[in-house]
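Coordinates in review
If you want the building blocks of each chain, they are given just below.
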Amino acid sequence: MRTPYLVNLGKVGDIPLGQGICYIVKGTEIAVFRSREKKLFAVENKCPHRQGPLSEGVIGSGKVICPLHGHKFDLTTGQGTEKGECVRTFEIWEERGEIVLNIPGDLLNIKEE
Ligand code: FES
C-alpha cells in the first residue's frame, strides 16, 4: 500500500479564481490551479514541449493552455492535445481553507516497500 505524503501549501485564497501559482515542492515545480468553479488541480509546471511555465497559462474547460506555444493539457489526466505529450498530475484538495497536496514518494526520494 502506498503511503500518502501530504504537504500543506497554504491558504486556498492565495490562488485567485481562474489562475495558477507555481509551488516548489522538494525541488519540483508544481503548478496549482483554482478554477472559477473553485476546483483545485495540480500538474507539473514544466510543459513537455519546451519547458514553458504552465502555471502562467490560461485555464478553461478543464484544460490549461501553455503560455509559450499554446499546447493544451487536461488538468485531471495530464493528457496533452499534441501527440505524445502529457504532464504529470497530482492529487490535491481543500481542507479547512488550506491546500493539501499528496505527493508521490519518488519526488521525496522515498522508496516504497
Ligand atoms: S513550451 Fe509549452 S507549448 Fe511550447
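Here's a quick rundown of the structure. Fair warning: this is a prediction, and the values are worked out from it, not measured in the lab. (Residues numbered from 1 in each chain as written. Predicted model: local features only at pLDDT ≥ 70, side-chain atom pairs only at ≥ 80, totals over all residues.)

This paragraph deals with unusual backbone geometry. Positive phi, close to 70°, is recorded for K38, a residue that is not glycine. Here K38 is to be found in the loop between β3 (28–34) and β4 (40–44). The phi dihedral of S61 falls on the positive side, at around 55°, and the residue is not glycine. Examined against the element boundaries, S61 turns out to sit in the loop between β5 (58–60) and β6 (63–65). (Helix = DSSP H or I, 4+ residues; strand = E, 2+ residues; numbered from the N terminus.)

On to the sheet that holds strand β8 (residues 89–95). Backbone hydrogen bonds hold the strands of a sheet together, and the pairing may be parallel or antiparallel. In spatial order, the strands read β1-β9-β8-β4-β3-β2; together these six strands make up an open sheet with antiparallel pairing. Of all the strands in the sheet, the pair left with one neighbour each is β1 (6–11) and β2 (19–25). Taking each pair of neighbouring strands and ignoring which way they run, the sheet shows an average axis angle of 30°. Bridge count for β8 against strand β9 (residues 98–102) is five bridges, and the pairing is antiparallel. Residue pairing in the sheet places E95 in a bridge with E98 of β9. (Pairing = 2+ DSSP bridges. Axes fitted to C-alpha atoms, helices over the stretch in contact; angles between N-to-C directions.)

This paragraph deals with the nonpolar core. Residues V32, F33, A42, V43 and L54 are the most contacted members of the largest nonpolar core, which totals 21 residues. Elements supplying a minimum of two residues to this core: β3, β4 and β8. For this core, the leading source of residues is β3, giving four residues. Sequence-distant contacts of L54, defined by excluding residues within four places in its chain, comprise A31, V43, N45, C47, V64, C66, F73 and V87. (Core = buried A, V, L, I, M, F, W, Y, C linked by C-beta atoms within 7 Å. Buried ≥ 20, exposed ≤ 12 C-beta atoms within 10 Å, placed from the backbone. Contact = placed C-beta atoms within 7 Å.)

Structurally, the position occupied by P53 is in the loop between β4 and β5. Judged by the 16 C-beta atoms lying within 10 Å of it, P53 is partly exposed. When the C-alpha atoms of P53 and T89 are compared, they prove to be 15 Å apart, with 36 residues separating the residues in sequence. Excluding residues within four positions of it along the chain, P53 makes contact with C22, N45 and P67.

A sheet is described by the order of its strands in space; here three strands give the open sequence β5-β6-β7, paired in antiparallel fashion. The open sheet is flanked by β5 and β7 (72–74), the only strands paired with a single partner. Put simply, the sheet's adjacent strands are angled 25° from each other on average, direction ignored. The pairing of β5 with β6 spans three bridges and is classified as antiparallel. Its bridge partner being in β6, G60 is matched across the sheet by K63.

On to the pairing of β3. Among the seven residues of β3, five are classified as buried, and the element is accordingly described as predominantly covered. The pairing of β2 with β3 spans seven bridges and is antiparallel. Bridging from a neighbouring strand, I24 pairs with E29 of β3. The antiparallel pairing of β2 with β3 creates a hairpin that spans two residues between the two strands, and K26 there sits at a positive phi of about 50°. The pairing of β3 with β4 spans five bridges and is classified as antiparallel. Residue pairing for β4: I30 is matched across the bridge by E44.

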